[in-house]
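The chain contents come next:
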Amino acid sequence: VGHGRRDDHREGVTAMPDGARDIYQTNLDRVSLALWTRNLPMMLRHLAIPNRMTTLDAEIVLGSPEELEIAIHDLRDHLERIGAEWYERRCIEAAFVPFNPDMIMGRHITLIRRDGEAIVEPYVSHMTLMRIGGRWKGTSCDAEGHNSELRVISDDMAEGQKREHLMRSAMPPRPGPDDGA
């Protein structure tokens, strides 16, 4: 299901799918709708916090609902700036992780269109879902593309986290209980 300017989708109450591919696609559809409509409560029902997102040249860990909300608005603002009228993600494959019925790994393609034409080259992402509190939630998503082209990760947030990581790695380690402190 794609989400566009003329859509009037509602999350609705539906039976929970039982196959890995159905579960994965349902999560894609609901997260896409939450993004398109800027609906943080819906997004939080389908994405776990913390949540890791990567591209080939950027990475971010969303550690709070507030950070997720910033990420939603940044991506949605970008889609508006480029004139996107349609945002759709389609499952390519998904499977339960062997010996872990509470984890699904899969791949999907993202389509972003205006006037029926792609305005961003379609790209593939890998996502992990985990059953948390009885709900399937995305825990990580890795896009096979450069953020400089895809713009799925907020540059400001990614740079801020990178600076924080560099500052922490430059700090001397804290003394532990065995260090005589």
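Look a little higher up for the structure.
Residues numbered from 1 in each chain as written. Predicted model: local features only at pLDDT ≥ 70, side-chain atom pairs only at ≥ 80, totals over all residues. Heavy atoms only, no water.

Undergrad: Account for empty space enclosed by the protein, naming residues and giving values.
TA: On inspection of all chains with the given rule, the structure shows one cavity of 30 Å³ or more. The computed volume of the largest cavity comes to approximately 390 Å³. Looking at the largest cavity, it is lined by 26 residues, and the ones nearest its centre are M53, L75, Y87, R89 and C141. For the lining of the largest cavity, the elements supplying multiple residues, two or more each, are α1 (20–36), β2 (47–54), α3 (65–81), β4 (86–97), β5 (100–114), β6 (117–132) and β7 (135–143). Looking at the lining of the largest cavity element by element, the count peaks at five residues for β7. Considered class by class, the residues forming the lining of the largest cavity number 16 nonpolar, nine polar and one charged. (1 Å grid on protein atoms, 1.4 Å probe; cavity = no way out; pocket = protein on both sides within 12 Å on 5 of 7 lines; lining within 4 Å. Points joined across faces, edges and corners; volume = space filled by probe spheres on them. Helix = DSSP H or I, 4+ residues; strand = E, 2+ residues; numbered from the N terminus. Nonpolar A, V, L, I, M, F, W, Y, C, P; charged D, E, K, R; others polar.)

Undergrad: Tell me about the pattern of salt bridges, and please be specific about residues and values.
TA: It is possible for side chains of opposite charge to pair when their charged atoms get near one another. Under the defined criterion, the tally for this structure stands at six salt bridges. The salt bridge partner of E80 is R38, with a shortest N-O separation of 3.2 Å. Here E80 is found in helix α3, whereas its partner R38 is found in the loop between α1 and α2 (40–46), with 42 residues between them in sequence. For R38, a relative accessible area of 25% corresponds to the partly exposed category. Note that R107 and E93 form a salt bridge whose closest N and O atoms lie 2.7 Å from each other. Taken together, the residues R107 in strand β5 and E93 in strand β4 connect sequence positions 14 residues apart. Judged by its relative accessible area of 26%, R107 is partly exposed. Exposure remark for E93: the relative accessible area of 42% places this residue in the partly exposed category. Three or more residues joined by partner-sharing salt bridges are found here, namely R38, D77 and E80. (Salt bridge = Lys/Arg side-chain N within 4 Å of Asp/Glu carboxyl O. Buried < 20%, exposed > 50% of the residue type's maximum accessible area, 1.4 Å probe, protein only.)

Undergrad: Residue-level account of the pairing of β4, with values.
TA: Two elements, β4 and β5, share eleven bridges in a ladder whose sense is antiparallel. Residue pairing in the sheet places E88 in a bridge with L111 of β5. Here β4 folds back onto β5 in antiparallel fashion, the turn holding two residues, of which F99 has a positive phi close to 65°. (Pairing = 2+ DSSP bridges.)

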